[in-house]
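These are the residues of each chain, in order.
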Amino acid sequence: MSDVHTSNKSAIAPLRAAMYDFDEAGVRAALEAVIAPDAVVHMCHPFGDLAGPAALYETCYAPLLHALPDLERRDWIVMAGPDEHGGDWVGAGGFYTGTFVAPWLDIPPTGHQVHMRFHEFYRFKAGKIVEIQTLWDIPEMMMQANAWPMAPSLGREWNVPGPATLDGIVPGPWDADRAGASRQHIIEMLEFMKKHPSQGGPEVMEMERFWHEKMNWYGPAGIGTGRGIAGFRNWHQIPFLAGMPDRGQYLDEITYHFFADGDYAAVTGWPDMVQTVTHDGWMGIAPSGRKITMRSLDFWRIETGRIRENWVMVDILDAYRQLGVDVFRRLREFNKARVQGSIPFPVGES
């Protein structure tokens with residue numbers, strides 16, 4: 001008999017297949033089959049919290065399918081495991097893609113193929129999804145439409161790749177010892193990360209002990225990718241800590257969920273960060289002194305005992321919202337002079 005975590009991964013396989021060959025009837029049926037009617041769905045800003053599969057489809061997928069009529073989902077990570085609180089999770093990462101021919105969330109269409117990374121975490125109970133936490137990289141869509149109205153990223157913006165080892169769709173059976181080692185490596189790494197800057201300089205993090213020298217840190221659009229420890233520090237960590245030096249000091253306000261599968265580990269918290277924007281500000285936002293929360297859904301891949309790849313998604317738009325910045329209003333103002341409307345599909349077909 002299959003273990004529960006392998007069974008849970010198998011349970012979302014029909015949904016993933018339906019979204020690969022995306023059509024309304026197939027996707028609706030797949031959502032209804034695997035998601036409990038009263039499931040809590042935590043979506044990124046601006047969607048908010050929803051309840052059940054029908055609301056998820058109508059609010060999120062139907063408008064996206066209208067904008068990208070040849071919509072397609074591609075997964076490059078599917079892993080599962082138990083958290084420290086007794087919950088059973090499946091984590092999936094990949095991207096949605098298609099031809100962008102109609103406005104979506106006021107982002108003007110391009111007539112070209114676009115990609116939008118997703119990290120989607122599903123909590124299972126008795127074979128059904130009872131909670132979903134989802135981050136879609138909406139700023140990535142804005143950038144491809146040349147419509148991003150905020151500060152440019154420090155890191156590299158691109159179509160973030162899947163695992164270099166091409167083994168992110170982790171097969172069963174679930175190995176408790178191997179998963180436990182991966183999970184513990186990440187927990188210990190984060191404990192050392194939190195020592196800086198309150199307990200010393202960068203050396204107290206012992207980065208070389210936990211991270212491979214050729215690591216890739218795949219941040220969300222708005223931050224971008226950093227290569228190696230220097231790239232991670234330059235394009236993410238230094239600006240992040242300069243603007244929010246009190247990060248890691250409000251752990252009593254956070255409930256983490258760590259789980260692992262083979263060489264992959266994941267974490268969520270919804271939120272899993274609390275800090276105050278002060279000092280130099282962050283992402284071009286002036287310091288406001290406001291305490292904010294952040295939603296982050298992360299995957300790590302461990303290779304020869306160290307982290308080689310780290311996929312990080314943060315609800316950047318929700319962070320701006322908490323700081324009093326309406327990115328969507330700015331988007332509309334930024335793109336007032338562009339021609340509005342849809343593009344005939346298939347594009348260019350006479």
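Quick note: structure is the one above.
Residues numbered from 1 in each chain as written. Predicted model: local features only at pLDDT ≥ 70, side-chain atom pairs only at ≥ 80, totals over all residues. Heavy atoms only, no water.

Q: Outline the packing of helix 1 (residues 4-20) against helix 2 (residues 24-34), listing residues and values.
A: When two helices pack together, their arrangement is captured by the angle between the axes and the distance separating the axes. At a closest axis distance of 8 Å, the pairing of helix 1 and helix 2 adopts a crossing angle of 165 degrees. By the angle between their directions, the pair helix 1 and helix 2 is classed as roughly antiparallel. Relative to helix 2, the crossing made by helix 1 is left-handed. Between helix 1 and helix 2, the residues in contact are A11, P14, L15, A18 and M19 and G26, V27, A30, L31 and V34, respectively. Of the residues that constitute the contact of helix 1 with helix 2, the class distribution is nine nonpolar, one polar and no charged. (Axes fitted to C-alpha atoms, helices over the stretch in contact; angles between N-to-C directions. Helix = DSSP H or I, 4+ residues; strand = E, 2+ residues; numbered from the N terminus. Parallel < 35°, antiparallel > 145°, perpendicular 65-115°, else oblique. Left-handed = near helix turned anticlockwise from the far one by under 90°. Contact = heavy atoms within 4.5 Å. Nonpolar A, V, L, I, M, F, W, Y, C, P; charged D, E, K, R; others polar.)

Q: Let's hear about the packing of aromatic side chains: which residues, and what values?
A: Applying the stated rule across the entire model yields 20 aromatic pairs. Note on W211 and F232: the rings are 5.8 Å apart at their centroids and 20 degrees apart in plane angle, and the pair reads as stacked. With W211 in strand 7 (residues 211-218) and F232 in helix 7 (residues 228-243), this residue pair connects regions lying 21 residues apart in the sequence. When its relative accessible area of 6% is taken as the criterion, F232 is described as buried. Following the ring pairs from residue to residue traces out a cluster consisting of F22, F47, Y61, Y96, W104, F118 and W136. Between the NZ or CZ atom of K195 and the centre of the ring of F192, over which it lies, the distance is 3.9 Å. Note that R209 overlies the ring of F192, its terminal NZ or CZ placed 4.8 Å from the centroid. (Phe/Tyr/Trp six-rings, centres within 6.5 Å; stacked < 30°, edge-to-face > 60°. Buried < 20%, exposed > 50% of the residue type's maximum accessible area, 1.4 Å probe, protein only. Lys NZ or Arg CZ within 6 Å of the ring centre and 35° of its normal.)

Q: Which residues make up the side chain of E140, and what are the values?
A: In this fold, E140 is placed in helix 4 (residues 138-144). Of the side chains with opposite charge, R117 lies nearest to the buried E140, which makes no salt bridge, at 5.5 Å. Apart from residues no more than four positions distant in its own chain, E140 is found in contact with H115, M116, R117, W158, N159 and A221. (Lys, Arg positive; Asp, Glu negative; His and termini not counted. Salt bridge = Lys/Arg side-chain N within 4 Å of Asp/Glu carboxyl O.)

Q: Residues and numbers for the sheet that holds strand 4 (residues 88-99), please.
A: Ordered by their spatial adjacency, six strands build an open sheet running 2-1-6-5-4-3, and the pairing between neighbours is mixed. Edge positions in the sheet fall to strand 2 (49-51) and strand 3 (72-82), since each of these pairs with one other strand and no more. Pairwise comparison of adjacent strand axes, ignoring direction, gives a mean angle of 20 degrees for this sheet. Bridge count for strand 5 (residues 113-125) against strand 6 (residues 128-136) is eight bridges, and the pairing is antiparallel. Bridging from a neighbouring strand, F118 pairs with W136 of strand 6. The strands touched by helix 1 within the sheet are strand 3, strand 4, strand 5 and strand 6, with strand 3 carrying the most contacts at an inclination of about 170 degrees. Along the sheet face, helix 2 touches strand 1 (35-42), strand 5 and strand 6 and points at about 95 degrees away from the line of strand 1. (Pairing = 2+ DSSP bridges.)

Q: Give a detailed account of the pairing of strand 7, specifying residues and quantitative values.
A: With six of its eight residues buried, strand 7 lies for the most part within the structure. Here three bridges tie strand 7 to strand 8 (residues 225-227), and the two strands are oriented antiparallel to one another. Paired with W217 across the strands is G226, a residue of strand 8. Linkage of strand 7 to strand 8, two consecutive antiparallel strands, is achieved through a turn of six residues, within which G222 is found at a positive phi near 110 degrees.

Q: Tell me what's going on with the pattern of salt bridges, and back it up with residues and numbers.
A: Close approach of charged atoms allows side chains with opposite charge to pair. As enumerated under the stated definition, the model contains 22 salt bridges in all. Between D318 and R295 there is a salt bridge whose closest N-O contact spans 3.9 Å. Taken as a pair, D318 in helix 8 (residues 316-322) and R295 in the loop between strand 12 (291-294) and strand 13 (296-303) lie far apart in primary sequence, 23 residues in all. Here D318 matches R295 in class, with each residue buried.

Q: Describe the sheet that holds strand 13, naming the residues involved and giving the relevant values.
A: Strand order in the open sheet formed by six strands is 8-7-14-13-10-9, with mixed pairing between adjacent strands. Taken across any chain shown, the strands that pair with only one partner, and hence form the sheet edges, are strand 8 and strand 9 (257-261). Neighbouring strand axes in the sheet, compared pairwise and without regard to direction, differ in orientation by 15 degrees on average. Looking at chain direction, strand 7 and strand 14 (residues 306-314) are connected through four bridges and run parallel. If you follow Y218 over to strand 14, its bridge partner there is W311.

Q: Residue-level account of the environment of I229, with values.
A: Of note, I229 is situated in helix 7. Separated by 219 residues in the primary sequence, I229 and S10 have C-alpha atoms spaced 36 Å apart. When sequence neighbours within four positions are dropped, the list of residues in contact with I229 reads M207, E208, W211 and M215.

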